[in-house]
Amino acid sequence: MRINDIIGTNTAYGKYIIVAKKPSSSRKLSVYSNLSHARKTKKDAEARKRAQYLATLPKHPLKRLAYRLHPKRFWAYWFSKRGAIMALKVAGVGLLLLALLVGGLFAYFRKDLDAIRPDELAKRVQTTVTKYYDRNDVLLWEDKGDGNYKLVVESNELSDYLKKATIAIEDRDFYSHNGVSLTGLTRAFFNNLSGDSIQGGSTLTQQLVKQVFFADESSDRGLSGIPRKIKELILSIEVERMYNKDQILTLYLNESPYGGRRNGAESGAQTYFGKTAKDLTLPEAALLAAIPQNPSTYDPYNTEGHEALIARQHTVLDNMADQGMITRAEADDAKKFPIIDSLKAESTQYAGIKAPHFVQMVRGQLESELGKATVGKGGLTVKTSLDYRIQEKLEEAMTAMFKSSTPASAGFTNGAATVEDTQTGQIVAMIGSRDFTYEGYGQDNAATAYIQPGSTIKPLVYTQLFQQKPAGQANYGSGTILKDENIDAIYGGKLVNADGAFKGDLPIRVSLATSRNVPAVKAMAINEAAKKGSTIDEIHAMGAASYCTQGDETQVALAAAIGGCGIKQVDLVNAYSSISRGGVYKDQSSILEVKNSSGDVLKRWTDSEGKRIVDQQAAYIVSDILTDRDARASFANTTAMNIPGVKTATKTGTSDKGGKAKDIWMMSYSPVLAMGVWFGNSDTTILRNANSTLPGPIIQAVMEYAHKTVYAGDGRWKTGDWFTRPAGIQQVGKELYPSWWNKSQGQSNAKLTFDKLTKYKATQCTPASAKIELDVVKSVDPVTKKDVYSGVPDGYDSTKEDDKHTCSDVAPANPIVSVTPSGTPNVYNITVSGVSAGTFTPTNVVISVGGVVVSTIEYPSASYAFTYTVPASATTPQAVVATVNDTGYYASTSGTGPTVPPHS
């Protein structure tokens, strides 16, 4: 204590008391003042320094920003003390926000974690079987593969090779991550960025979560898919917490798709290799592990994907070797194994299947409508439109055909047929090949393949023609003449009929019934003149939506009128059903109802009124033509047109390649059923003996049975049922015309001179005695603008000219007549001699006396003599004349000859 800090105080006793002096408040202020002063001095120095720095910067804001962002200054700041402090502040705030975000997201999606329970996963990952039934609940197929279709197996029933192969190709960090692999995501990012291959960053756990809980949302990869991805990440972490690695891997192998309808490794192993997943070899396990990434492409039964599948199997083996799961030598040996050759034939998985082509078609439709994942998981109950009673009859008839000598004789090796209920549009029977198990192409469905239909497309062209209503021009009906003639200039190429001839003035009834090409092309030309593109549009609208849709066929032009494009048989049958419905289109269907394993209805067929495409009168006229056996008389008739007690309309057709037939078609329909049959070769080889009537026995057998046994038994049809003639139909003779047809429009009365011998049009060389003038109706061909004639009496043909007479024909020789008394008063013997033929053979010799024919003697005869008795009324001599007639309507007479005296 300093002396200054001691203060003496005079007390009452006169003494001093010495005490310590307390620090004054000014002292305290001095200390704090010094600290404040130091801080202020430092702050002022920093401010002066910053001000000096700012003074060096450009005044313009943009220039100042650019100055500060200069790399040298930018990095100098961030590596300075001040920059480091700022970085720590930013990082701290960022981490806090991230923690809050993750916590918030976790809390938001936490409700979805309630679904992740061991019993819930076990319930979702289970064996599934889809059952297909016909309309009467006949089981057609249990979609479960060969043998024991066991989707869920225990871990010890899975090959160790398969487990390792799956981890190697799908998630190499599986045993080290907790559901989400940051290294995996990073590796996938840089791998995809390099372009070497496409690699996913999802772990096996994430894939399992997606397959089990988000299958329906997995295709959503846009912004709307972000919540689903967040859920996957969170739920994957939870799954890892709840299950051990072996459980997760087992669930994944039981759940994943392995191509086609096979979900689960056990299903794939049994189907492809005929063994359990436990017994898979290394090459087999590697192939199976290669599939889940893209089961559609890598489906072993998808022959187009074999190259890609093998490449991925090799990648699996390489990854296993790289990760030390197998040796490089084992990988190389496995690559050499002919794995594709060891696959079991796909048909073995269809053991016991009924109507296989139809069922597989239905399955494909379900995949398109419900998704491959839904169908692949199975558990569906599918009620189809098929009537197995009709299906059995169809298969029986097709089998009988291919057991006969007809296919070998005609040169076809395959066939297909479809039967449709016309009132509903439901397919009731189908066969896509001669036999589903036939080697090579048996499993190919020709009923859904693109094949040229030939003349069977023509009725669809004429239905449109009959409803044409051109103002001031002729309308069209079955009796309208579309001349069968050379129209190469109009067609734009060589157009011929099957017989290589032209028939001239034919009514449409005959043209369509006998499959003439030229009139059909003219019909389309008329349609196109009214509205370009209308013919194909209407054919599509009638139900044949696949016609002329492939490649260059879209530009086929008028050849479309005669079957110049490919079409699916099922579509053509539906178009004929539209005719049967009187021109009304309905969607074709093959599925009545689909339920999932919980009994929920996923799809159900409902009937509709349909959409009118062509006028009912036009459809009726076409049906009337196709039932007319007389119109087809000059063509090959078929047993399909003569089904006892069942009236049907029928059309045949052939398509050709290089002028030679390669396909045979026949279409048939009634008010309740429509049916199509095709014969040909899968490699389009030409036929040896094309006869479009060959499908007749199949159509006759199936249509008769379906009508008389099935539909009559169900009360849906009875003998004599046919279409009701629409009101307004006009009939002239046997020809039918729509109500808007005007007989006088475009027509006029005319006379034509015919040759009585040929009944063709007479020429200048036709003798007068052979000519006959008949009343006809004249019109103008709408395409060629040439005169055509209709209303010609039966037996006469205005399309041809007399080809029997020539201008150099020679008539029979003039006969010689002699008259001699018989010895009886008033009785004379008349004898004709010198009877000989000219160009044509004589038919008879006519003897007349006084202009009255007294005797006609047929040629040839031993003698041409006649005993004549002079009548009492004959008071003057009577001239005797002999006339020789021949088959060419030529005649020669004896001229002025002898006479017989008057009666005495």
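Model, not experiment: these values are computed from the prediction.

Asks: Give a description of the packing of helix α11 (residues 265-273) against helix α12 (residues 282-290) that names residues and reports values.
Replies: Where α11 meets α12, the axes come as close as 11 Å, and the angle between the chain directions of the two elements is 120°. For the element pair α11 / α12, the angle class is oblique. Helix-helix and strand crossings are classified by hand; for α11 and α12 the assignment is right-handed. Between α11, through A265, G268, A269, Y272 and F273, and α12, the contact on the second element is made entirely by E284, L287 and L288.

Asks: How would you summarise the nonpolar core if you had to cite specific residues and measurements?
Replies: Core analysis: the biggest nonpolar cluster contains 84 residues, and F358, Y462, F466, Y547 and Y669 have the highest contact counts within it. Once residues lying within four places of it in the same chain are set aside, the contact partners of Y462 are L482, I508, S511, L512, P519, A520, A523 and V622.

Asks: Give me the packing of aromatic side chains: which residues, what numbers.
Replies: Using the criterion set out here, one finds 15 aromatic pairs in the structure. Between Y132 and W141, the ring centres sit 5.6 Å apart and the planes meet at 25°, which makes this aromatic pair stacked. Overall, the relative accessible area of 0% leaves Y132 in the buried class. The ring of Y388 carries K354 above its face, with NZ or CZ at 6.0 Å from the centroid. Here the guanidinium or amino end of K759 rests over the ring plane of Y796, the centre of that ring lying 5.2 Å away.

Asks: Talk me through the confidence of the model for the chain; I want residue IDs and the actual numbers.
Replies: Of all residues in the chain, 89% attain a pLDDT of 70 or more, and the chain-wide mean is 87. Low pLDDT (under 50) marks residues 1-21, which in the prediction has 20 contacts with non-local residues, meaning those over four places away or in another chain. Predicted confidence for residues 145-150 stays below pLDDT 50, and this span has 21 contacts to residues more than four positions away or in other chains.

Asks: Tell me about the environment of P738, residues and numbers included.
Replies: Among the structural elements, P738 can be located in the loop between β18 (735-737) and β19 (747-755). Here the alpha-carbon distance between P738 and N475, two residues 263 residues apart in the chain, equals 8.4 Å.

Asks: Break down the state of the cysteines for me, with residues and values.
Replies: A full pass over the atoms with the stated rule returns 2 disulfides. Across the disulfide, C548 is cross-linked to C565 (sulfur-sulfur distance 2.0 Å). Looking along the S-S bond of the C548-C565 disulfide, the torsion reads about 85°, which is the right-handed sense. Taken together, the residues span a long stretch of sequence, with C548 in the loop between α23 (534-541) and β9 (567-568) and C565 in the loop between α23 and β9 at a distance of 17 residues. Taking the relative accessible area as the measure of exposure, C565 reaches 0% and is therefore buried.

What counts and what doesn't
- Residues numbered from 1 in each chain as written.
- Predicted model: local features only at pLDDT ≥ 70, side-chain atom pairs only at ≥ 80, totals over all residues.
- Heavy atoms only, no water.
- Axes fitted to C-alpha atoms, helices over the stretch in contact; angles between N-to-C directions.
- Helix = DSSP H or I, 4+ residues; strand = E, 2+ residues; numbered from the N terminus.
- Parallel < 35°, antiparallel > 145°, perpendicular 65-115°, else oblique.
- Left-handed = near helix turned anticlockwise from the far one by under 90°.
- Contact = heavy atoms within 4.5 Å.
- Core = buried A, V, L, I, M, F, W, Y, C linked by side-chain atoms within 4.5 Å.
- Buried < 20%, exposed > 50% of the residue type's maximum accessible area, 1.4 Å probe, protein only.
- Phe/Tyr/Trp six-rings, centres within 6.5 Å; stacked < 30°, edge-to-face > 60°.
- Lys NZ or Arg CZ within 6 Å of the ring centre and 35° of its normal.
- pLDDT = per-residue confidence, 0-100.
- Disulfide = S-S within 2.5 Å.

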